[in-house]
Amino acid sequence: TQPVERPVPTPATPVEQGRDTSKFVTPRHMAGRDVKRIAVLLPFSHPSAGVKAQASDLLAAMEMALFDQGANDVVLLPYDTAGDARTAARVAEQALEEGADIFVGPLFAESVRASANVARRDQIPLLAFSNDRGAAGGGAFLISFPPEEEVARIVDWAVLRGINRFAFMGPSSAYSRRVETALRFEAARRGAIVVGAEFYSPQNEAPVDEAQRLASRIDSATQNGTQKVGVMIAERGTRLLGVAPLLPYYEVDLRQIQYLGTAQWDDPAIWREPVLSGAAFSAADPEDTSLFTNSFDAIYGKDPASLASLGYDAVALSISFLRDGKVERNEIADFDGFRGVNG
(Lines give C-alpha, C1' and ligand atoms only; values in the text may rest on other atoms or scores of the structure.)
Protein backbone atom coordinates (compact mmCIF):
# COMPACT_ATOMS: atom_id res chain seq x y z
CA THR A 1 0.00 0.00 0.00
CA GLN A 2 1.32 3.43 -0.93
CA PRO A 3 0.11 6.95 -0.21
CA VAL A 4 -2.50 8.06 -2.70
CA GLU A 5 -2.67 11.36 -4.54
CA ARG A 6 -4.78 14.05 -2.88
CA PRO A 7 -8.37 14.00 -4.10
CA VAL A 8 -9.35 17.27 -5.74
CA PRO A 9 -10.65 19.71 -3.09
CA THR A 10 -14.30 20.54 -3.56
CA PRO A 11 -15.69 24.00 -2.89
CA ALA A 12 -16.92 24.53 0.64
CA THR A 13 -18.29 27.45 2.52
CA PRO A 14 -15.74 29.18 4.77
CA VAL A 15 -15.32 29.43 7.70
CA GLU A 16 -15.61 26.41 10.00
CA GLN A 17 -14.39 27.07 13.56
CA GLY A 18 -11.99 29.69 12.28
CA ARG A 19 -10.62 27.44 9.50
CA ASP A 20 -10.86 28.22 5.80
CA THR A 21 -12.80 25.25 4.41
CA SER A 22 -12.25 26.15 0.77
CA LYS A 23 -9.16 23.90 0.65
CA PHE A 24 -10.66 20.99 2.57
CA VAL A 25 -10.26 17.71 0.67
CA THR A 26 -13.46 15.85 -0.24
CA PRO A 27 -13.31 12.89 -2.66
CA ARG A 28 -15.81 13.26 -5.50
CA HIS A 29 -17.82 10.21 -4.44
CA MET A 30 -18.30 11.79 -0.99
CA ALA A 31 -19.58 15.13 -2.22
CA GLY A 32 -22.50 16.38 -0.17
CA ARG A 33 -21.62 14.38 2.94
CA ASP A 34 -20.39 15.75 6.24
CA VAL A 35 -16.90 14.37 5.68
CA LYS A 36 -14.52 13.65 8.56
CA ARG A 37 -10.83 13.58 7.68
CA ILE A 38 -8.12 11.51 9.38
CA ALA A 39 -4.65 12.79 8.48
CA VAL A 40 -2.12 9.93 8.40
CA LEU A 41 1.49 11.02 8.95
CA LEU A 42 3.96 8.20 8.21
CA PRO A 43 7.52 7.81 6.81
CA PHE A 44 6.60 6.22 3.47
CA SER A 45 9.88 7.29 1.81
CA HIS A 46 12.21 6.58 4.73
CA PRO A 47 15.64 5.26 3.60
CA SER A 48 15.23 2.13 5.75
CA ALA A 49 13.34 -0.68 4.02
CA GLY A 50 12.14 -1.91 7.41
CA VAL A 51 10.68 1.47 8.33
CA LYS A 52 9.00 1.77 4.93
CA ALA A 53 7.47 -1.68 5.43
CA GLN A 54 6.09 -0.61 8.82
CA ALA A 55 4.61 2.55 7.29
CA SER A 56 3.04 0.65 4.40
CA ASP A 57 1.47 -1.98 6.67
CA LEU A 58 0.26 0.64 9.14
CA LEU A 59 -1.63 2.36 6.32
CA ALA A 60 -2.96 -0.97 5.04
CA ALA A 61 -4.28 -1.78 8.52
CA MET A 62 -5.89 1.65 8.74
CA GLU A 63 -7.74 0.96 5.49
CA MET A 64 -8.95 -2.33 6.99
CA ALA A 65 -10.30 -0.48 10.01
CA LEU A 66 -12.06 2.07 7.81
CA PHE A 67 -13.78 -0.74 5.91
CA ASP A 68 -14.60 -2.81 9.03
CA GLN A 69 -16.14 0.20 10.79
CA GLY A 70 -18.36 0.97 7.80
CA ALA A 71 -17.43 4.63 8.10
CA ASN A 72 -18.69 5.98 4.77
CA ASP A 73 -18.28 9.59 5.89
CA VAL A 74 -14.59 9.26 6.90
CA VAL A 75 -11.59 9.62 4.59
CA LEU A 76 -7.93 8.82 5.22
CA LEU A 77 -5.48 11.44 3.95
CA PRO A 78 -1.92 9.99 3.88
CA TYR A 79 1.11 12.31 4.10
CA ASP A 80 4.76 11.31 3.83
CA THR A 81 6.93 12.54 6.72
CA ALA A 82 10.03 10.76 5.32
CA GLY A 83 10.99 10.19 8.98
CA ASP A 84 12.14 13.82 9.21
CA ALA A 85 10.85 16.29 11.81
CA ARG A 86 10.84 19.31 9.49
CA THR A 87 9.01 17.37 6.81
CA ALA A 88 6.52 16.18 9.42
CA ALA A 89 5.79 19.77 10.45
CA ARG A 90 5.37 20.83 6.81
CA VAL A 91 2.92 18.06 5.90
CA ALA A 92 1.05 18.65 9.16
CA GLU A 93 0.52 22.23 7.98
CA GLN A 94 -0.80 20.86 4.67
CA ALA A 95 -3.10 18.46 6.51
CA LEU A 96 -4.60 21.31 8.52
CA GLU A 97 -5.26 23.26 5.33
CA GLU A 98 -6.90 20.19 3.82
CA GLY A 99 -9.30 19.75 6.74
CA ALA A 100 -7.75 17.26 9.18
CA ASP A 101 -10.07 16.51 12.11
CA ILE A 102 -7.52 14.26 13.82
CA PHE A 103 -3.92 13.20 13.17
CA VAL A 104 -2.75 9.58 13.25
CA GLY A 105 1.05 9.26 13.39
CA PRO A 106 3.90 10.07 13.08
CA LEU A 107 6.19 7.21 14.02
CA PHE A 108 9.33 8.86 15.45
CA ALA A 109 9.50 11.04 18.55
CA GLU A 110 11.03 14.12 16.93
CA SER A 111 8.43 14.02 14.14
CA VAL A 112 5.68 13.64 16.76
CA ARG A 113 6.84 16.77 18.58
CA ALA A 114 7.16 18.77 15.36
CA SER A 115 3.74 17.84 13.99
CA ALA A 116 2.05 18.21 17.40
CA ASN A 117 3.28 21.80 17.55
CA VAL A 118 1.39 22.45 14.31
CA ALA A 119 -1.74 20.49 15.25
CA ARG A 120 -1.99 22.19 18.62
CA ARG A 121 -2.52 25.55 16.91
CA ASP A 122 -6.02 24.47 15.86
CA GLN A 123 -6.49 22.13 18.84
CA ILE A 124 -6.46 19.04 16.63
CA PRO A 125 -5.40 15.95 18.63
CA LEU A 126 -2.67 13.63 17.43
CA LEU A 127 -2.45 9.87 18.06
CA ALA A 128 1.19 8.91 17.48
CA PHE A 129 3.00 5.57 17.29
CA SER A 130 6.23 6.52 19.08
CA ASN A 131 7.04 4.49 22.19
CA ASP A 132 9.05 7.41 23.62
CA ARG A 133 6.93 8.75 26.46
CA GLY A 134 8.76 12.06 26.21
CA ALA A 135 6.95 12.70 22.93
CA ALA A 136 3.54 12.78 24.63
CA GLY A 137 1.82 15.95 25.75
CA GLY A 138 0.75 19.22 24.18
CA GLY A 139 -2.06 17.51 22.29
CA ALA A 140 -0.01 14.44 21.35
CA PHE A 141 -1.17 11.06 22.66
CA LEU A 142 0.73 7.80 22.19
CA ILE A 143 -0.79 4.58 20.90
CA SER A 144 2.21 2.28 21.07
CA PHE A 145 3.95 -0.55 22.89
CA PRO A 146 6.17 1.21 25.46
CA PRO A 147 8.81 -1.17 26.84
CA GLU A 148 8.15 0.10 30.37
CA GLU A 149 4.68 -1.48 30.35
CA GLU A 150 6.04 -4.75 29.00
CA VAL A 151 8.74 -4.85 31.68
CA ALA A 152 6.20 -4.11 34.42
CA ARG A 153 4.04 -7.00 33.25
CA ILE A 154 6.84 -9.57 33.03
CA VAL A 155 8.27 -8.54 36.41
CA ASP A 156 4.81 -9.01 37.93
CA TRP A 157 4.68 -12.45 36.37
CA ALA A 158 8.10 -13.38 37.72
CA VAL A 159 7.51 -12.06 41.26
CA LEU A 160 4.28 -14.04 41.50
CA ARG A 161 6.44 -17.11 40.86
CA GLY A 162 8.76 -16.36 43.73
CA ILE A 163 11.54 -14.59 41.82
CA ASN A 164 12.98 -11.63 43.73
CA ARG A 165 16.41 -11.32 42.08
CA PHE A 166 16.89 -10.07 38.54
CA ALA A 167 19.75 -9.55 36.11
CA PHE A 168 19.98 -7.74 32.78
CA MET A 169 21.96 -8.05 29.57
CA GLY A 170 21.58 -6.08 26.36
CA PRO A 171 23.24 -3.86 23.77
CA SER A 172 24.19 -0.29 24.61
CA SER A 173 21.20 1.27 22.85
CA ALA A 174 18.44 3.68 23.83
CA TYR A 175 15.86 0.88 23.85
CA SER A 176 18.04 -1.44 25.93
CA ARG A 177 18.77 1.24 28.53
CA ARG A 178 15.06 1.99 28.84
CA VAL A 179 14.40 -1.70 29.51
CA GLU A 180 17.18 -1.88 32.11
CA THR A 181 15.95 1.28 33.85
CA ALA A 182 12.40 -0.06 33.89
CA LEU A 183 13.61 -3.39 35.28
CA ARG A 184 15.36 -1.67 38.19
CA PHE A 185 12.32 0.50 38.88
CA GLU A 186 9.77 -2.32 38.72
CA ALA A 187 11.93 -4.68 40.77
CA ALA A 188 12.41 -2.07 43.50
CA ARG A 189 8.66 -1.38 43.62
CA ARG A 190 8.11 -5.02 44.49
CA GLY A 191 10.91 -5.37 47.04
CA ALA A 192 13.20 -7.19 44.61
CA ILE A 193 16.68 -6.21 43.41
CA VAL A 194 18.78 -6.30 40.25
CA VAL A 195 21.99 -8.20 41.05
CA GLY A 196 23.81 -7.20 37.88
CA ALA A 197 23.49 -5.52 34.48
CA GLU A 198 25.79 -5.71 31.47
CA PHE A 199 25.76 -3.63 28.30
CA TYR A 200 27.80 -4.41 25.21
CA SER A 201 28.45 -2.80 21.85
CA PRO A 202 25.52 -3.29 19.42
CA GLN A 203 28.10 -4.54 16.90
CA ASN A 204 29.32 -7.26 19.28
CA GLU A 205 27.56 -10.49 18.27
CA ALA A 206 29.30 -12.55 20.96
CA PRO A 207 29.64 -10.45 24.16
CA VAL A 208 31.57 -13.12 26.02
CA ASP A 209 33.27 -10.82 28.54
CA GLU A 210 29.97 -9.25 29.57
CA ALA A 211 28.31 -12.66 29.78
CA GLN A 212 31.10 -14.00 31.97
CA ARG A 213 30.82 -11.07 34.40
CA LEU A 214 27.03 -11.44 34.60
CA ALA A 215 27.35 -15.20 35.07
CA SER A 216 29.60 -14.58 38.07
CA ARG A 217 27.04 -12.22 39.65
CA ILE A 218 24.20 -14.68 39.05
CA ASP A 219 26.27 -17.44 40.62
CA SER A 220 26.89 -15.27 43.70
CA ALA A 221 23.16 -14.46 43.97
CA THR A 222 22.15 -18.12 43.88
CA GLN A 223 24.70 -19.09 46.57
CA ASN A 224 22.57 -17.42 49.27
CA GLY A 225 19.57 -19.65 48.73
CA THR A 226 17.83 -17.59 46.05
CA GLN A 227 15.63 -20.02 44.17
CA LYS A 228 15.92 -18.37 40.74
CA VAL A 229 17.23 -15.22 39.11
CA GLY A 230 15.12 -13.62 36.40
CA VAL A 231 17.45 -12.73 33.51
CA MET A 232 16.12 -10.15 31.08
CA ILE A 233 17.80 -9.94 27.68
CA ALA A 234 16.96 -6.92 25.52
CA GLU A 235 17.64 -8.61 22.20
CA ARG A 236 15.64 -10.09 19.35
CA GLY A 237 15.91 -12.67 16.55
CA THR A 238 19.31 -14.08 15.68
CA ARG A 239 21.06 -11.72 18.11
CA LEU A 240 19.05 -13.21 20.98
CA LEU A 241 19.97 -16.70 19.78
CA GLY A 242 23.63 -15.71 20.01
CA VAL A 243 23.45 -14.12 23.46
CA ALA A 244 21.15 -16.45 25.44
CA PRO A 245 23.45 -19.55 25.30
CA LEU A 246 26.43 -17.58 26.71
CA LEU A 247 25.31 -17.77 30.35
CA PRO A 248 25.10 -21.57 30.48
CA TYR A 249 28.43 -21.66 28.62
CA TYR A 250 29.89 -19.89 31.66
CA GLU A 251 28.36 -22.55 33.92
CA VAL A 252 25.15 -20.83 34.95
CA ASP A 253 22.70 -23.56 35.90
CA LEU A 254 19.63 -23.16 33.68
CA ARG A 255 17.51 -24.52 36.53
CA GLN A 256 18.44 -21.44 38.56
CA ILE A 257 17.53 -18.77 36.02
CA GLN A 258 14.35 -17.67 34.33
CA TYR A 259 14.92 -15.99 30.98
CA LEU A 260 12.63 -12.95 30.47
CA GLY A 261 11.96 -10.72 27.49
CA THR A 262 9.75 -8.07 25.95
CA ALA A 263 7.56 -8.20 22.85
CA GLN A 264 10.75 -8.25 20.76
CA TRP A 265 10.75 -11.96 21.52
CA ASP A 266 7.42 -12.50 19.77
CA ASP A 267 9.10 -14.45 16.98
CA PRO A 268 8.55 -18.20 16.43
CA ALA A 269 12.07 -18.56 14.99
CA ILE A 270 13.76 -18.03 18.36
CA TRP A 271 12.07 -20.93 20.12
CA ARG A 272 14.27 -23.47 18.37
CA GLU A 273 17.03 -22.51 20.83
CA PRO A 274 17.04 -25.13 23.63
CA VAL A 275 18.26 -22.75 26.36
CA LEU A 276 15.11 -20.66 25.86
CA SER A 277 12.87 -23.55 26.82
CA GLY A 278 10.56 -22.20 29.53
CA ALA A 279 11.48 -18.58 28.84
CA ALA A 280 8.72 -15.96 29.04
CA PHE A 281 8.04 -12.60 27.45
CA SER A 282 5.25 -10.04 27.61
CA ALA A 283 3.22 -9.04 24.57
CA ALA A 284 -0.33 -8.42 23.46
CA ASP A 285 -2.56 -11.45 23.99
CA PRO A 286 -2.39 -13.59 20.82
CA GLU A 287 -6.10 -14.36 21.19
CA ASP A 288 -6.75 -10.64 20.71
CA THR A 289 -4.36 -10.19 17.79
CA SER A 290 -4.93 -13.44 15.86
CA LEU A 291 -8.16 -12.29 14.20
CA PHE A 292 -6.44 -9.15 12.92
CA THR A 293 -3.40 -11.11 11.71
CA ASN A 294 -5.56 -13.63 9.88
CA SER A 295 -7.67 -10.91 8.28
CA PHE A 296 -4.59 -8.96 7.18
CA ASP A 297 -3.10 -12.08 5.63
CA ALA A 298 -6.36 -12.90 3.82
CA ILE A 299 -6.50 -9.41 2.29
CA TYR A 300 -2.84 -8.68 1.57
CA GLY A 301 -1.37 -12.19 1.33
CA LYS A 302 1.27 -11.70 4.04
CA ASP A 303 1.71 -11.32 7.78
CA PRO A 304 1.42 -7.73 9.04
CA ALA A 305 4.46 -5.78 10.21
CA SER A 306 4.87 -5.66 13.98
CA LEU A 307 3.25 -2.22 14.37
CA ALA A 308 0.42 -2.66 11.86
CA SER A 309 -2.20 -3.53 14.47
CA LEU A 310 -1.60 -0.15 16.11
CA GLY A 311 -2.68 1.50 12.86
CA TYR A 312 -5.90 -0.48 12.92
CA ASP A 313 -6.62 0.50 16.52
CA ALA A 314 -5.72 4.17 15.96
CA VAL A 315 -8.17 4.55 13.09
CA ALA A 316 -10.92 2.52 14.78
CA LEU A 317 -10.49 4.74 17.84
CA SER A 318 -10.49 7.91 15.72
CA ILE A 319 -13.70 6.87 13.99
CA SER A 320 -15.37 6.30 17.36
CA PHE A 321 -14.34 9.83 18.38
CA LEU A 322 -15.57 11.35 15.11
CA ARG A 323 -19.05 9.84 15.23
CA ASP A 324 -20.38 12.95 16.97
CA GLY A 325 -18.49 15.22 14.57
CA LYS A 326 -15.67 16.44 16.79
CA VAL A 327 -12.84 14.90 18.79
CA GLU A 328 -12.86 16.06 22.41
CA ARG A 329 -9.87 15.73 24.72
CA ASN A 330 -11.99 14.13 27.43
CA GLU A 331 -12.89 11.31 25.02
CA ILE A 332 -9.23 10.45 24.53
CA ALA A 333 -8.51 10.70 28.27
CA ASP A 334 -11.53 8.60 29.29
CA PHE A 335 -10.44 6.08 31.93
CA ASP A 336 -13.02 3.60 30.63
CA GLY A 337 -10.48 2.97 27.89
CA PHE A 338 -10.90 1.34 24.49
CA ARG A 339 -10.74 -2.29 23.43
CA GLY A 340 -9.03 -2.86 20.11
CA VAL A 341 -7.25 -5.67 18.31
CA ASN A 342 -4.37 -5.34 20.80
CA GLY A 343 -6.69 -5.77 23.77
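Residues numbered from 1 in each chain as written. Predicted model: local features only at pLDDT ≥ 70, side-chain atom pairs only at ≥ 80, totals over all residues. Heavy atoms only, no water.

Engineer: Would you mind going over the packing of aromatic side chains with me for this structure?
Structural biologist: The geometry of two aromatic rings is summed up by the distance between their centres and the angle between their planes. Across all of its chains, the model carries seven aromatic pairs by this definition. Taking the centre distance of 5.0 Å and the plane angle of 85 degrees together, the rings of Tyr-249 and Tyr-250 count as edge-to-face. Taking relative accessible area as the criterion, Tyr-250 reaches 23% and is therefore assigned partly exposed. (Phe/Tyr/Trp six-rings, centres within 6.5 Å; stacked < 30°, edge-to-face > 60°. Buried < 20%, exposed > 50% of the residue type's maximum accessible area, 1.4 Å probe, protein only.)

Engineer: Can you help me understand the nonpolar core in this one?
Structural biologist: Buried together is how nonpolar side chains tend to be arranged in soluble globular proteins. In terms of nonpolar packing, the biggest core is built from 40 residues, with Ile-38, Leu-42, Met-62, Phe-129, Phe-292 and Tyr-312 touching the most fellow members. Elements that contribute at least two residues to this core include exactly strand 1 (36-42), helix 1 (49-68), strand 2 (74-80), strand 3 (102-104), helix 9 (286-300) and helix 10 (308-322). Not counting residues within four places of it along the chain, the set of residues in contact with Phe-292 comprises Ala-61, Met-64, Pro-304, Ala-308, Ser-309, Tyr-312 and Val-341. (Core = buried A, V, L, I, M, F, W, Y, C linked by side-chain atoms within 4.5 Å. Helix = DSSP H or I, 4+ residues; strand = E, 2+ residues; numbered from the N terminus. Contact = heavy atoms within 4.5 Å.)

Engineer: Would you mind going over the packing of helix 4 (residues 147-159) against helix 5 (residues 174-189) with me for this structure?
Structural biologist: Axis angle and axis distance: for two packed helices, these are the angle between their axes and the distance between the axes, and together they describe the pair. Contact pair helix 4 / helix 5: the axes reach a minimum separation of 9 Å and the direction vectors enclose 40 degrees. As judged from the angle between their axes, helix 4 and helix 5 are oblique. You can see that helix 4 and helix 5 cross each other, and the crossing is right-handed. On the side of helix 4, the interface is formed by Pro-147, Glu-148, Glu-150, Val-151, Ala-152 and Val-155, while helix 5 contributes Tyr-175, Arg-178, Val-179, Ala-182, Leu-183, Glu-186 and Ala-187. Class assignment for the residues of the contact of helix 4 with helix 5 results in nine nonpolar, no polar and four charged. (Axes fitted to C-alpha atoms, helices over the stretch in contact; angles between N-to-C directions. Parallel < 35°, antiparallel > 145°, perpendicular 65-115°, else oblique. Left-handed = near helix turned anticlockwise from the far one by under 90°. Nonpolar A, V, L, I, M, F, W, Y, C, P; charged D, E, K, R; others polar.)

Engineer: What is the right way to look at helix 2 (residues 85-97) in this model?
Structural biologist: Quick reminder: α-helices carry 3.6 residues per turn. Residues three or four places apart thus point the same way. In this model, helix 2 (13 residues) spans 19 Å end to end at C-alpha, consistent with the 18 Å of a helix rising 1.5 Å per residue. Taken together, the buried positions of helix 2 are occupied by Thr-87, Ala-88, Val-91, Ala-92, Ala-95 and Leu-96. Turning to helix 2, the residues buried within the fold contact strand 1, strand 2, strand 3 and helix 3 (109-121). Residue Asp-84 occupies the N-cap position of helix 2, its side-chain oxygen lying 3.2 Å from the main-chain nitrogen of Arg-86. (Expected span 1.5 Å × (residues − 1). Polar contact = N/O pair within 3.5 Å; in protein donor to acceptor, adjacent residues only side chain to side chain.)

Engineer: Is there a simple way to explain the pattern of salt bridges in this structure?
Structural biologist: Pairs can form between side chains of opposite charge whenever their charged atoms are close. Going through the model one piece at a time under the given rule, you end up with 16 salt bridges. Two residues, Asp-34 and Lys-36, come together in a salt bridge whose shortest N-O distance is 3.8 Å. Judged by relative accessible area, Lys-36 falls into the buried class, the value being 8%. Residues Arg-178 and Glu-148 are paired through a salt bridge, measuring 2.8 Å at the closest nitrogen-oxygen approach. Here Glu-148 lies in helix 4 and Arg-178 lies in helix 5, a separation of 30 residues in the sequence. (Salt bridge = Lys/Arg side-chain N within 4 Å of Asp/Glu carboxyl O.)

Engineer: Hey, could you run me through the sheet that holds strand 3 in this one?
Structural biologist: The strands making up a sheet associate through hydrogen bonds between their backbones, and the pairing can be parallel or antiparallel. With respect to topology, five strands assemble into an open sheet ordered 2-1-3-4-5, the strand pairing being parallel. Sheet topology places strand 2 and strand 5 (140-142) at the edges, where each strand pairs with a single neighbour. Neighbouring strand axes in the sheet, compared pairwise and without regard to direction, differ in orientation by 25 degrees on average. Direction of pairing for strand 4 (residues 126-128) relative to strand 5: parallel, over a ladder of three bridges. Bridged to Leu-127 within strand 5 is Phe-141. Set on the sheet, helix 1 makes contact with strand 1, strand 2 and strand 3; between it and strand 1 the angle comes to about 160 degrees. (Pairing = 2+ DSSP bridges.)

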